[in-house]
Amino acid sequence: METAGVKAEELKAEGNKLYKDKSYSQAIKKYTEAIENDSTQASYYNNRAACYLMLDNPTSAVEDTRQATCLDPKLVKGWSRMAKCSLLLGDKVTAAAAGNRLNELGESEGGEVLEKVEMLEKYEHSAQAAMTVGKYRDAAYWYRQAVQLSPHCTQMRVGLAECAVYQDMFGEAMEEVNRVIKIDAKDAEAIF
């Protein structure tokens, strides 16, 4: 009789093959089945997170990286993926925590992550400062810089849309609002 752990490893192996074949949705199903058989293995969550990232879904990926790093606090790939997902989402706090943890683990990537967090903070602060004094063109520039680092950050995209409205660029504003709704259909700021 096959144990749950053995079955889970077989499912992980199938998921790994599907991942290599770029069948990410199918790989997610296999990793999910592996987790259902053995939810104590960090690699199952981390591998599923990799698939979510490849499908441009950092929200689901970051949840899996959280679980993976809880199960294995020394899992470098988990912290690395968490940092990447968090930056994509504009979550500076989680990205900084992941960057610091990578530093503690002796990974040079941690410093790079922290630099990107600082850049994102600078862009956001500059955009907000420009908005406060009515310099909407300048604010839009800084929001665009932020969106390049954090394309899934709805807050930055809403700010960019607001700048466009103040400049009577309604088409561009609607494009940003539509992007926000695509990222998060329940984002109240974009809807109103």
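Reading guide: rules and limits
Residues numbered from 1 in each chain as written. Predicted model: local features only at pLDDT ≥ 70, side-chain atom pairs only at ≥ 80, totals over all residues. Heavy atoms only, no water. Helix = DSSP H or I, 4+ residues; strand = E, 2+ residues; numbered from the N terminus. Buried < 20%, exposed > 50% of the residue type's maximum accessible area, 1.4 Å probe, protein only. Contact = heavy atoms within 4.5 Å. Lys, Arg positive; Asp, Glu negative; His and termini not counted. Charge placed at Lys NZ, Arg CZ, Asp CG, Glu CD. Phe/Tyr/Trp six-rings, centres within 6.5 Å; stacked < 30°, edge-to-face > 60°. Expected span 1.5 Å × (residues − 1).

Helices and strands together make up the secondary structure of the protein, namely 11 helices and zero strands. Its helices and strands in sequence order give the protein the pattern α-α-α-α-α-α-α-α-α-α-α, from N to C terminus. The C-alpha extent of the protein, read off along each of the three principal axes, is 70 × 35 × 25 Å. Taken across its 192 residues, the protein has 43% of its residues classed as buried. Here the contacts in the protein between residues at least 6 apart in sequence split such that 48% fall between residues at least 24 apart. Charged side chains in the protein number 24 positive and 30 negative. The centres of these two groups are separated by 4 Å.

This brings us to the packing of aromatic side chains. Across all of its chains, the model carries four aromatic pairs by this definition. Ring geometry for Tyr-19 versus Tyr-24: centroids 5.3 Å apart, planes at 65°, classification edge-to-face. For the ring pair Tyr-141 and Trp-142, a centre distance of 4.9 Å and an interplane angle of 80° mean the geometry is edge-to-face. A relative accessible area of 21% places Trp-142 in the partly exposed class. Here the aromatic residues Tyr-123, Tyr-141 and Trp-142 are joined through ring pairs into a cluster of three or more.

Our focus in this paragraph is helix H9 (residues 154-166). Side chains three or four residues apart in an α-helix point the same way, a direct result of the helix having 3.6 residues per turn. Between the first and last C-alpha of H9 there are 18 Å, a value that for 13 residues agrees with the 18 Å anticipated at 1.5 Å per step. Among the residues of H9, Thr-154, Met-156, Arg-157, Val-158, Gly-159, Leu-160, Ala-161, Cys-163 and Ala-164 are the ones counted as buried. Count one or two residues on from H9 and you reach Asp-168, which has phi positive near 60°.

Here Arg-48 is to be found in helix H3 (residues 42-54). In this structure Arg-48 comes out as buried when scored by relative accessible area, which is 12%. Apart from the residues within four sequence positions on either side, Arg-48 is in contact with Ile-28, Tyr-31, Thr-32, Ile-35 and Asp-64.

Moving on to H3. Spanning 13 residues, H3 covers 19 Å between terminal C-alpha atoms, matching the ideal 18 Å at 1.5 Å per step. Among the 13 residues that make up H3, 11 are buried, leaving the element largely enclosed by the rest of the structure. Looking at the buried side of H3, the elements it contacts are helix H1 (4-20), helix H2 (24-37), helix H4 (58-71) and helix H5 (76-89).

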